[in-house]
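Next come the chains, spelled out residue by residue.
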Amino acid sequence: MLEHVIIGQYVPGKSFVHSLDPRAKLIAVIIFMIFLFVSRDPLVLGTAAALTVAAFLSAGIPFRFFWKGIRVILLIVVFTFLLHLFMTRDGTVLVSLGWLTIYSGGVIEGSLIATRLFLLIVLATMLTLTTTPVDLTDGMERLMHPLNRFRVPVHELALTMSIALRFIPTLLTETEKILKAQTARGATFSSGSIWKRLNAFIPVLVPLFVQSFQRAEELAEAMEARGYSGGEGRTKFRQLAWRNRDTIVLFVFAGFGVWSVLSVV
Amino acid sequence: MQLRVENVSYAYMPGGPFEAKALQGTSVSFASGAFHACVGHTGSGKSTLLQLLNGLLRPQEGTVYVGDWTITPETKQKHIAGLRRKAGVVFQFPEAQLFDETVIDDVMYGPKNLGFKNDEARRLAEEALARTGISTELFTRSPFDLSGGQMRRAAIAGVLAMEPELLLLDEPTAGLDPAGRESMMELFRSWQQEQPERTIVMISHDMNAVARYADTVTVMEDGKAIAQKAPHELFTDAELLERHQLEMPDTVRLLYRLREASGVNMDISAFDEKETFSRILALLKGGVQDA
Ligand SMILES: Nc1ncnc2c1ncn2[C@@H]1O[C@H](COP(=O)(O)OP(=O)(O)OP(=O)(O)O)[C@@H](O)[C@H]1O
Ligand SMILES: [Mg+2]
């Protein structure tokens, strides 16, 4: 199951979405995230869905691959939907089964939240699937650059982030390896009481931590050995290039934001 | 334990852009009570095959027979839980599985999972540690304070303590010094020969060890087992080795070169120093007669 997780993974390609400047993609996702939660207008949500579908189609990511990767994350969406469904006490009663009462407000509220979450997850995944981790952190660093003036360690944050992103797949592979090794030693992770199940993960977590710390140390040494000394005065080998298509994409998403606000006022 | 793999295919991340076809309809069998080796290029599917043999992976096509178990794509995980008792796996760099506070506790983890009582598990662990050459005063140390070679031994003890009938080894000697490699191989061989049904399948890039210790050698290439031969057959077939880019063991290479240089036809299958020496001696004696 772990081998299908696609968070932090990059799928090489030459699509329109791949070719966009990471800054444009980042800003677009941020705009999308904010204004998606502003409006309850079905038309606005429909537009958001259309934008998401357009992004997905033009990114050229195989559907089966994407679906498998996102399935696990969808559990969160379903869970959120159910939570709202049962917890909202608004509108007319639709179903009443003993202790369980479902209101029409719950259905509306649940679908609304679930749709928003789903669209957001898909679009954010599109961002990471079509942008190399290096580009992503470059973009982030450039966008946060003004914060340098307020003594925010922008370069260090970006570096930390890029290292974290880089090592997610490694960590997953390693987890899978250790899981297999302990399974072969007779460990079971899916039976017994909650306490027993949690305990069963200690033999997986300890080696994982040990290896992560070892790796961190090695990485730090390797960086120092190659003369890394922080962000001060550092130049970039890779330059980002802003093009017309980036401006156009930003306008489209900005338009979405404006409309989303207008539909509320 | 008798092993058989029939038309088995396995791909990692099937259907995606990163699909990796690890095994492509391969068939191979390993007889019970023998020491089998498996060689081949990196990426040829050796580790995948090994994981199929103890049910950690299920075939996506084909059937795997391990002792009394039959594993097909539909087989449920529950169904093969019993197989785990009988098949021990030592993965590449097994020291990554150490986790407990002391060495002895770590080795007892497996037996305890199998349901052994504390004192029984301790007895098995002590036996296994003694066998792998970990001295008693290290038993209560943290496994993370051991040297690399000792960690490897402790990890292997953790698998032996479960008293498997089948031992699956994935490059068990990688990264050890020559003396460590040899004592580890001796350990595996004596373990295997102790009881008639004990079987080993070992993946290795170390042709010297394979030639000396294995009863059969299986050659993997592009997700298929393409040959299974006795070491003296495989390692004297220079053409076959060349074709599959396999190395000759050092002793065979020496004799092979001598044969090429001298033009004297002689048997070049010798896998230890003594045999090699007697072959060279015979060559020299023959040479003296010729002259
Ligand atoms: N966990 C995994 N996820 C994705 N692909 C994998 C995974 N494990 C192996 N593969 C791929 O499957 C193929 C066979 O791998 P396998 O590990 O069986 O080879 P191997 O013969 O053991 O190689 P080596 O000698 O390097 O250990 C390779 O192409 C490899 O990239
Ligand atoms: Mg391998």
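This text follows the structure it describes.
Computed from a predicted structure; not experimentally measured.

**Observations regarding the overall build of chain A**
From N to C terminus, chain A includes 10 helices and 2 strands. When the helices and strands of chain A are placed in sequence order, the string is α-α-α-α-β-β-α-α-α-α-α-α. If you line up chain A on its principal axes, its C-alpha atoms span 70 × 60 × 40 Å. Classification of the 265 residues of chain A by burial places 40% in the buried group. Contacts in chain A between residues at least 24 apart in sequence constitute 74% of all its contacts with a sequence separation of at least 6. The centroid of the 25 positive side-chain charges in chain A is displaced by 6 Å from the centroid of its 17 negative side-chain charges.

**A look at a negative patch on the surface**
Residue and element names in this part refer to chain A. A cluster of acidic side chains, namely Glu217, Glu218, Glu221 and Glu224, defines a negative patch on the protein surface. The topology assignment puts Glu217 in helix α9 (residues 202-225). With a relative accessible area of 55%, Glu217 lands in the exposed category.

**Notes on the sheet that holds strand β6 (residues 87-90) of chain B**
In a beta sheet, neighbouring strands are held together by backbone hydrogen bonds and run either parallel or antiparallel to one another. Residues and elements named next belong to chain B. Here we have 6 strands laid out as an open sheet, ordered β6-β7-β8-β3-β9-β10, and mixed in their pairing. Both edges of this open sheet fall to β6 and β10 (224-229), since each of them pairs with a single strand only. Direction aside, neighbouring strands of the sheet carry axes that sit 20° apart on average. Strand direction decides the pairing type here: strand β3 (residues 35-40) and strand β8 (residues 199-203), joined by 4 bridges, are parallel. By the bridge assignment, Phe35 is partnered in β8 with Ile200. Relative to the sheet, helix α1 (residues 46-53) contacts β3, β6, β7 (166-170), β8 and β9 (216-221), its axis offset from that of β7 by approximately 160°.

**Focus on the nonpolar core**
Residue and element names in this part refer to chain B. By size, the foremost hydrophobic cluster in this structure holds 56 residues, and its most contacted members are Leu129, Leu167, Phe188, Ile200, Val210 and Phe235. Of all the elements, helix α5 (residues 148-160) adds the most residues to this core, at 7 residues. Leaving out residues up to four positions away in the same chain, Phe188 has contacts with Phe35, Ile156, Leu167, Leu169, Pro172 and Ile200. Core analysis: the next-biggest nonpolar cluster, separate from the first, contains 32 residues, Leu3, Val5, Leu50 and Met220 among them.

Reading the values: the criteria
Residues numbered from 1 in each chain as written. Chains lettered and ligands numbered in written order. Predicted model: local features only at pLDDT ≥ 70, side-chain atom pairs only at ≥ 80, totals over all residues. Heavy atoms only, no water. Helix = DSSP H or I, 4+ residues; strand = E, 2+ residues; numbered from the N terminus. Buried < 20%, exposed > 50% of the residue type's maximum accessible area, 1.4 Å probe, protein only. Contact = heavy atoms within 4.5 Å. Lys, Arg positive; Asp, Glu negative; His and termini not counted. Charge placed at Lys NZ, Arg CZ, Asp CG, Glu CD. Patch = residues over 30% accessible without salt bridge, like charges linked within 9 Å, V, L, I, M, F, W, Y side chains within 5 Å. Areas by Shrake-Rupley, 256 points an atom, 1.4 Å probe, with all protein chains shown as cover. Salt bridge = Lys/Arg side-chain N within 4 Å of Asp/Glu carboxyl O. Pairing = 2+ DSSP bridges. Axes fitted to C-alpha atoms, helices over the stretch in contact; angles between N-to-C directions. Core = buried A, V, L, I, M, F, W, Y, C linked by side-chain atoms within 4.5 Å.

In short, the description is geometric, and any link to function would need to be established separately.
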